[in-house]
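Here is what each chain is made of, one letter per residue.
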Amino acid sequence: MLKSVDKPIHILVAEDDEDDKLLIIKAFERTLPKEKVTCVEDGEALLRYLKRMPPYDNLDLYPNPDIILLDLNMPRKDGKEALAEIKANDNLKMIPVIIFTTSNNEEDIKATYKMGSSSFITKPSSFEGLVRVTEELENYWSKTVMLPA
Amino acid sequence: MKEPKYPSLHQVKIYSIVTLILIMVGSGVSYWTAGRIDFYTNELMHTDKVVKRTGELYASILERETNIRGYVITKDQDFLSYYNQSNIDAKLLIDELQVLTIDNAQQQRNIEQLRNLVEERIRSFEATVSYLDTHGSLEGFVGPTRTNVELTGYKLIKNIVFDINQVENKLFIQRNKRLVNNINALPFIVGLISLFSVTIGLMTLFSVYQYNKAQKNSYLEISDVQKKLREKIQLLDDLNVELEQFAYVASHDLQEPLRKITAFSDLLNLQYYDKLEGDGLLYLNRITAAAVRMRQLITDLLEYSRAGKIDLDAIRPVMLNKVIAELLEDIEIAIQDKSAQVQVDPLGKVLGSDTEFRQVFQNLIANALKFSKPAVSSIITITSCDAEESIVKNFTFLDQSLSYYHIQVIDNGIGFGNEHAEKIFSVFQRLHGKKEFEGTGIGLAITRKIIEKYQGWIYAESVTGNGATFHIILPKITE
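All figures in this text were calculated on a predicted structure; none of them were measured in a lab. (Residues numbered from 1 in each chain as written. Chains lettered and ligands numbered in written order. Predicted model: local features only at pLDDT ≥ 70, side-chain atom pairs only at ≥ 80, totals over all residues.)

Asker: How should I be thinking about the overall build of chain A in this particular structure?
Answerer: Assigned secondary structure in chain A consists of five helices and seven strands. In chain A, the succession of helices and strands from N to C terminus is β-β-α-β-α-β-α-β-α-β-α-β. Split into buried and exposed, the 149 residues of chain A put 34% on the buried side. Of all intrachain contacts in chain A linking residues separated by at least 6 positions in sequence, the fraction that spans at least 24 positions is 69%. (Helix = DSSP H or I, 4+ residues; strand = E, 2+ residues; numbered from the N terminus. Buried ≥ 20, exposed ≤ 12 C-beta atoms within 10 Å, placed from the backbone. Contact = placed C-beta atoms within 7 Å.)

Asker: What is the right way to look at the overall build of chain B in this model?
Answerer: The secondary structure content of chain B amounts to ten helices and seven strands. A burial count over chain B gives 23% of its 479 residues as buried. A separation of at least 24 residues holds for 76% of the contacts in chain B among residues at least 6 apart in sequence.

Asker: What's the story with the interface of chain B and chain A in this structure? I'm lost.
Answerer: It is common to report an interface's size as the accessible area lost on association of the parts. Opposite the ten residues of chain B that make contact, chain A presents ten residues. Of all the elements, helix α4 (residues 144-272) of chain B adds the most residues to the side of chain B that touches chain A, at nine residues. Of the residues belonging to the side of chain B that touches chain A, the class tally is three nonpolar, two polar and five charged. (Nonpolar A, V, L, I, M, F, W, Y, C, P; charged D, E, K, R; others polar.)

Asker: When you look at the packing of helix α6 (residues 320-330) of chain B against helix α8 (residues 354-370) of chain B in this model, what are you seeing that I'm missing?
Answerer: Any two packed helices are characterised by how steeply their axes cross, that is the angle between the axes, and by the distance between the axes. Residue and element names in this part refer to chain B. At their nearest, the axes of α6 and α8 sit 9 Å apart, and the two run at 60° to each other. With respect to each other, α6 and α8 are oriented oblique. The handedness of the crossing between α6 and α8 is right-handed. Facing α6, whose interface residues are L320, V323, I324 and L327, α8 presents D354, F357, R358, F361 and Q362. Residue composition of the contact of α6 with α8, by class: six nonpolar, one polar and two charged. (Axes fitted to C-alpha atoms, helices over the stretch in contact; angles between N-to-C directions. Parallel < 35°, antiparallel > 145°, perpendicular 65-115°, else oblique. Left-handed = near helix turned anticlockwise from the far one by under 90°.)

Asker: Quick question: what am I supposed to make of the environment of G28(B) here?
Answerer: Following the sequence through the fold, G28(B) ends up in helix α1 (residues 9-74). Placed 162 residues apart in sequence, G28(B) and V190(B) show a C-alpha to C-alpha distance of 10.0 Å.

Asker: I would appreciate a short explanation of helix α3 (residues 79-88) of chain A in the present structure.
Answerer: Along an α-helix, residues three or four positions apart point the same way, because every turn accommodates 3.6 residues. Of the residues making up α3(A), those classed as buried are G79(A), A82(A), L83(A) and I86(A). Looking straight down α3(A), one finds its buried side chains confined to an arc of 100°; they lie on one side. (Arc of directions from axis to C-beta.)

Asker: So what exactly am I meant to see when it comes to the packing of α1(B) against helix α2 (residues 77-100) of chain B here?
Answerer: Residues and elements named next belong to chain B. Look at α1 against α2: their axes get within 9 Å of each other, and the N-to-C directions meet at 160°. Looking at the two axes, α1 sits roughly antiparallel to α2. In the packing of α1 onto α2, the handedness of the crossing is left-handed. Split into classes, the residues belonging to the contact of α1 with α2 amount to 14 nonpolar, eight polar and seven charged.

Asker: Is there a simple way to think about the sheet that holds strand β4 (residues 67-70) of chain A in this case?
Answerer: Hydrogen bonding along the main chain pairs the strands of a sheet, whether they run parallel or antiparallel. Residues and elements named next belong to chain A. Taken in spatial order, the five strands of this open sheet run β3-β2-β4-β5-β6, and their pairing is parallel. Taken across any chain shown, the strands that pair with only one partner, and hence form the sheet edges, are β3 (37-40) and β6 (119-122). Each neighbouring strand pair of the sheet contributes to a mean axis angle of 20°, computed without reference to strand direction. Sheet topology note: the β4/strand β5 (residues 97-101) ladder contains three bridges and is parallel. Each residue of the ladder has a partner; that of L69, found in β5, is I98. (Pairing = 2+ DSSP bridges.)

Asker: What is the right way to look at the sheet that holds strand β7 (residues 468-475) of chain B in this model?
Answerer: All names here are of chain B. Overall, mixed pairing links the five strands, which are arranged β2-β4-β5-β7-β6 in an open sheet. A strand with exactly one partner marks an edge of an open sheet, and here the two such strands are β2 (341-344) and β6 (457-462). Geometrically, the sheet is characterised by an average inter-axis angle of 15° between neighbouring strands, direction not taken into account. Relative to β7, strand β5 (residues 404-410) runs antiparallel, the two being bridged by seven bridges. Looking across to β7, one finds that Y405 is bridged to L474.

Asker: Even after reading the chapter, I still don't get the pairing of β6(A), so can you show me in this structure?
Answerer: Remember that side chains alternate between the two faces of the sheet whenever the strand is regular. In this sheet, β6(A) lies alongside β5(A) in parallel orientation, the contact comprising four bridges. Bridge pairing in β6(A) links I99(A) to F120(A).

Asker: It is not clear to me how unusual backbone geometry should be interpreted in this structure. Could you clarify?
Answerer: Most of the time, phi is negative for any residue but glycine, and the peptide bond is trans. Residues and elements named next belong to chain A. The amide bond that connects P54 to the next residue, P55, takes the cis arrangement and shows omega of 5°. Of note, P55 is situated in the loop between α2 (43-50) and β4. In the Ramachandran plot, R52 falls in the positive-phi region, its phi being about 65° despite a non-glycine side chain. Inspection of the secondary structure puts R52 in the loop between α2 and β4. Notably, R76 is not glycine yet its phi reads approximately 60°, a positive angle. You can see R76 is positioned in the loop between β4 and α3. By the C-beta count within 10 Å, which is 12 here, R76 ends up exposed.

Asker: Is there a simple way to explain the nonpolar core in this structure?
Answerer: Proteins that are soluble and globular tend to have nonpolar side chains buried together. Membership of the largest hydrophobic core comes to 43 residues, with the highest contact counts inside it found for F361(B) and L474(B). Of all the secondary-structure elements, those providing two or more residues to this core are α5 (280-307), α6, α8, β4 (379-386), β5, α10 (443-453), β6 and β7 of chain B. Among the elements that line this core, the one with the most residues is α8(B), at six residues. Within the second largest apolar cluster, 37 residues are counted, among which are I9(A), I11(A), L12(A) and A45(A). (Core = buried A, V, L, I, M, F, W, Y, C linked by C-beta atoms within 7 Å.)

Asker: Just to check I follow, could you spell out the environment of I442(B) for this structure?
Answerer: All names here are of chain B. Relative to the helices and strands, I442 is located in the loop between β5 and α10. Taking the C-beta count within 10 Å as the criterion, I442 has 24 such neighbours and is therefore assigned buried. For I442, the contacting residues outside a window of four places in its chain are D300, Y304, V427 and F428.

Asker: Would you mind going over the confidence of the model for chain B with me for this structure?
Answerer: Any segment with low pLDDT has predicted coordinates that should not be analysed in fine detail. This prediction gives chain B a mean pLDDT of 84; 98% of its residues lie at or above 70. The complex prediction reports pTM at 0.50, with the ipTM value standing at 0.73. (pLDDT = per-residue confidence, 0-100.)

Right under this line is the structure:
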C-alpha cells in the first residue's frame, strides 16, 4: 500500500495570501501538472478539506494530499493550530507537513518541529528561489522518499 | 521659584562659638565681681578692726588715768598693778594699729603722734607716782600749770583718737559703698550675660533646627529627583524596547510585500522578457535593483534592532584574539583582494558574546578594507592598552568605578573629516555616494550598539586622507 517512487505527488497548499498562492502555483507549474496542486485559504479550510467536510466532500475534485505546505500566519486558524490538530488526528498525522512561511524565527522553527512538522522552509525572496524550492520539494517527496498511500 | 534662606553650617558654628564666648566672659566677670566683693568685705572688716582697736586704746588710756587717780587718792598698790597692766595693753594696741594701717600714710602719722602722746602721758603719770612715793603727798607738785599740761595731754589724745576714727569711718563709708555697688552689680552683670547667652543659644538652636530642616528638605528634593530620574530611565528603557519591537515588526512586515515585488519582477523577466520593448527592460531592472537595496536596508534594520537585545544566557568571557583570528580566517579572500595586512596585538578578555564581538571587528575591518586608498596596500593594526582615566572621564555615562581596556583599530585608508566622527555611528549614515562605496551605512551603528550594550563606548578619530582610528573602551573582566 505504499506509494511508489517516481509518481507525481499531490500537494495541498494552505496559504491565505493571493499573491503567494499565485507565485507558488506558477513555480510548481514548471515541475508538476496543474491539477496536482490544490490551495485552501486558511487553517480552518485545511482541516475541513482533510476531514472531507463540505465543500471538500468530492474526492475527485479534492483528492487526498501526499504532502501539505502550511503557512504559519493565517486568519481564523493559524498554521500552528492547524498543525496541532493534524498531528492529533490518527487518520491525518502521517501526512508530512512542510512549514512554508516568511518567518525565520528560531522559536517558530523549534516549536513546529516539536509539533511534528517534517520541514521548515522560509519563503525565498526571488521567484528563482521559489522555483528551486518547488523543484527540490518535488524531487524529494516524489522521487526520493517513500510515502504512505 | 524663590529659595527660602536657610542658615549654613558655618553660621550655626559661629552662633555656637559666640554663645560659648559669652558664657565664658559672663563667668569671668562674675568671678571677678565676686573677688571684688570678697576684697571690699575684707577691707570693711579691716576698717572695723582699726576702729575697734582705737576704741580699746582709748578705753585703756582712760583706765590708766582712773588707776593713777585711784592710787594717788588711796595709795593702794592694786591701782598701780592695774595701771602697769593697761600700760602694756596700750603699747600692744598701738603696735597692732600701726601694723593694721601700714597701707595708710595719714593713719600712720596719726598713730605715731598717738604713740608719742601716750608715751608723754606715761612719763607724766610716772613722774606723778614717783613724786608721791618720794614726798608722801602731791603737795607742791600739782599746780595750775601742771593741771593745764595734764588736761592738754588728755585732750590731744582724745583728739587724735577721734581723728583716727574719723579717717576709718570715712574709709568704712567709701568701702561699704563700693561693696554695695559690687553686690548690686553682680546680679545685673550675671543677668545680662545670661540673657545674651540664652538669646544666642536659642538662635543657635533655631539655626540648627532650620539647618536640619533644610537638610531634610534637600534630601527630600534629591530623592524626588532620583525618583523622577529612575522613572524617566524606566520610560526610556520601555520606549527602547518598544522601538526595537517596532523596528523588528516593521522590517519583518516590510519584507512581505517586498518579496512579492521581487518575485513578480522575476516572473515578468522570465515570462515576458522578449515582449518588453524600449526602456521597459531598463525599468524592470531598476525595480529589481531597488527591491534588492530595500531588502538589504530592511535586513540591516532588523539586525540593528536585534543588536540591542540583551540575552543574559549568551553573555560570557570573550577572548578577543581568538574571535579575531577566526574572523580573519573567514575573510581571508577579502583581505588578499586588497593585499591588506592585519596586525593584532594581544588583547584581553571582555564580557559579551563571541558572535557579537566577531561582528564588531568584522564591521571595523570591513570598513577599513572598504575605505582603503586605491593602489596602496592597506595596513590595519589592532592594539590594546589600559584606558587612561582622563579618557574614561570624558564619557560620563561610563561606570567610573570600573577599569577599562582601550582597544584601537587603526588603518591607513582615506579617512574622513573629523567633523563626521560622530555622524558615522548613526543608522544609515553614509559619507560617500552609493556608487563609490556600497553598503547601507548600518555597520558602525550596530557596532556601537553592541559595545554600548556591554557598558563600553566606541568613537572615531580621523583626518581626511590620513587613515582613521576607531577607539573602543570596554570594561575589563574582574577576576
